[in-house]
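As a plain string of letters, each chain reads:
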Amino acid sequence: MIDDIAALREGWSEVEPPSPDAQDRARAALLARITETRATAPQGRRPGRRLPGWVWRSGVAAVGAAALVAGVVAVGGLGPANPPAPRVPSEAGGSVAQTFELAAVHAETEPFTPPRPDQWTYVELRIVRGRIAEDKGQAARETTRSWQRADGRQSAVLVDGKLEVSTETSDLPQVMPPQDYPTLAGLPTDPRALLDWLRARSPAGKGADGVPYLMIDSMLRDNVLPPGVKATLLRALALIPGVTRSSQPVDFDGRPAIAVGMVLDGWRREDILLDPTTHEFLGSRTVVVEDHTTPEGVTLKKGDVEVELVRVAGKIVAAPGRTG
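Residues numbered from 1 in each chain as written. Predicted model: local features only at pLDDT ≥ 70, side-chain atom pairs only at ≥ 80, totals over all residues. Heavy atoms only, no water.

(A) Structural view of helix 3 (residues 96-108). Under the 1.5 Å per step criterion, the end-to-end length of helix 3 is 18 Å for 13 residues, consistent within 8% with the ideal 18 Å. A large share of helix 3 lies buried, amounting to 12 of its 13 residues. Residues of helix 3 that are buried include every one of V96, A97, Q98, T99, F100, E101, L102, A103, A104, V105, H106 and A107, and no others. (Helix = DSSP H or I, 4+ residues; strand = E, 2+ residues; numbered from the N terminus. Expected span 1.5 Å × (residues − 1). Buried < 20%, exposed > 50% of the residue type's maximum accessible area, 1.4 Å probe, protein only.)

Quick look at the structure:
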């Protein structure tokens, strides 16, 4: 079996952080290995639109913590991130930059057909909430289903089993992070330029990278993105100081996952979860990293998982209410 991660390492000799040239060489080495695998596969076993191995395995107006989605209670303010921490390599290997590069390569090879203006993007999330939500009387578990028309001028959501469709607007919604497909598809394609674009639009200004980090997390989770945009977002994450990777796989929704995240406000870590084999984006979570008591008096213990946002589905569909 071809070792795809080894192929990436062969093209990645520089000490982190890698230069753009190093990233290009690494990407080229990995894609060359993929092409080689396709060319040498037995005729009867060649995949149709899916490549072999790990490469093909895919299925708020105001930004806040991962909890600020679909009515989830926020678990804290958007204070500054902790000072940059050492990046932790995993036994399976890889720095933060390597991890996001693998995720970006996976994103670039996902099959995708841009939606027509009259089509809709559909996103389904499974939400698991912790003690803060319990204190506020919110449901411990919930599944949200939402639709956005591809031209950005109408949206819909399922509420208590009833489909609620918004009134059509003549202008695109002015929200951050952006949610309409035209804006998302037109984002900068250079990772550093994209990060600068987000920093310039951050409510906290250019000094607090926790906000751009959470914006990217939200855009990955809550939209159906063109592969190039998704890959650029993932590469931009690798440029944010203070982002570290878990040294061991973590349990996420009953499956192992790579957790890559950053600590905010000194007590909570906002994680992005990736499949350890394919590096596909799986969702987000908020983990307590220091004992903390909220202003409402809720006591949180180190290790508590306050919010899990599991991305169940992201598709292009014909109409609101449709899921396939």
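So much for the structure itself; the text now carries on.
(B) The nonpolar core, seen in detail. Formed by 37 residues in total, the largest nonpolar core has its most connected members in F100, I216 and L237. Elements with a contribution of two residues or more to this core: helix 3, helix 6 (191-200), helix 7 (210-222), helix 8 (227-237), strand 7 (255-264) and strand 8 (268-274). Here this core takes seven residues from helix 7, the largest share from any one element. Those residues in contact with F100 that lie beyond four places of it in its chain are L234, L237, A238, V243, V260 and L274. (Core = buried A, V, L, I, M, F, W, Y, C linked by side-chain atoms within 4.5 Å. Contact = heavy atoms within 4.5 Å.)

(C) Representation of helix 7. Between the first and last C-alpha of helix 7 there are 18 Å, a value that for 13 residues agrees with the 18 Å anticipated at 1.5 Å per step. For helix 7, the buried fraction is high: 13 of the 13 residues fall into the buried class.

(D) Spatial organisation of the environment of E124. Relative to the elements of secondary structure, E124 occurs in strand 1 (residues 120-129). On a C-alpha basis, the gap between E124 and V310 in space is 8.5 Å, while along the polypeptide they are 186 residues apart. Apart from the residues lying within four places of it in its own chain, the contact partners of E124 are T143, T144, R145, V310, R311, V312 and A313. A polar contact of 2.6 Å, which involves the side chain of E124, links it to the side chain of Y122. (Polar contact = N/O pair within 3.5 Å; in protein donor to acceptor, adjacent residues only side chain to side chain.)

(E) Region of the structure containing the side chain of D304. The topology assignment puts D304 in the loop between strand 11 (299-300) and strand 12 (305-317). A polar contact is formed between the side chain of D304 and the backbone nitrogen of K301, at a distance of 2.8 Å.

(F) Examining the pairing of strand 8 more closely. Of all seven residues in strand 8, seven are buried; the element is thus mostly enclosed. Alternating positions in strand 8 separate into two faces, R268, E270, I272 and L274 on one and R269, D271 and L273 on the other, with burial throughout. As defined by bridge partners, strand 7 adjoins strand 8 across seven bridges and the pair is classed as antiparallel. Paired with L264 across the bridge in strand 8 is R268. Count of turn residues in the strand 7/strand 8 antiparallel hairpin: three residues, of which D265 carries a positive phi of about 60°. The sheet contact formed by strand 8 and strand 9 (residues 281-288) spans seven bridges and is antiparallel. Counted as the bridge partner of R269 is V287 from strand 9. What sits between strand 8 and strand 9 in their antiparallel hairpin is a turn of six residues, with H279 showing a positive phi close to 65°. (Pairing = 2+ DSSP bridges.)

(G) The arrangement of the confidence of the model for the chain in detail. Per-residue confidence for the chain gives a mean pLDDT of 78, with 70% of residues at or over 70. A low-confidence stretch, residues 33-93 (pLDDT under 50), is modelled with 157 contacts involving residues beyond four sequence positions or located in other chains. (pLDDT = per-residue confidence, 0-100.)

(H) Expanded view of the packing of helix 3 against helix 8. The geometry of helix 3 relative to helix 8 is characterised by a closest axis approach of 8 Å and an angle of 175° between their N-to-C directions. With respect to helix 8, the axis of helix 3 lies roughly antiparallel. Note on element contacts: helix 8 touches helix 3 through P227, K230, A231, L234, R235 and L237, opposite F100, E101, A103, A104, V105, A107 and E108. When the residues that make up the contact of helix 3 with helix 8 are grouped by side-chain class, the tally is nine nonpolar, no polar and four charged. (Axes fitted to C-alpha atoms, helices over the stretch in contact; angles between N-to-C directions. Parallel < 35°, antiparallel > 145°, perpendicular 65-115°, else oblique. Nonpolar A, V, L, I, M, F, W, Y, C, P; charged D, E, K, R; others polar.)

(I) Spotlight on the packing of helix 7 against helix 8. For the pair helix 7 and helix 8, interaxial distance at closest approach is 10 Å and the crossing angle is 150°. In terms of orientation, helix 7 and helix 8 fall into the roughly antiparallel class. For helix 7 against helix 8, the interelement crossing comes out left-handed. Listed contacts from helix 8 to Y213, I216, M219 and L220 of helix 7 are K230, L233, L234, A236 and L237. (Left-handed = near helix turned anticlockwise from the far one by under 90°.)

(J) View of the side chain of R129. Mapped onto the elements of the fold, R129 is located in strand 1. Residue R129 is classed as buried on the basis of its relative accessible area, which comes to 9%. From its side chain, R129 meets the backbone oxygen of A139 in a polar contact 2.9 Å long.

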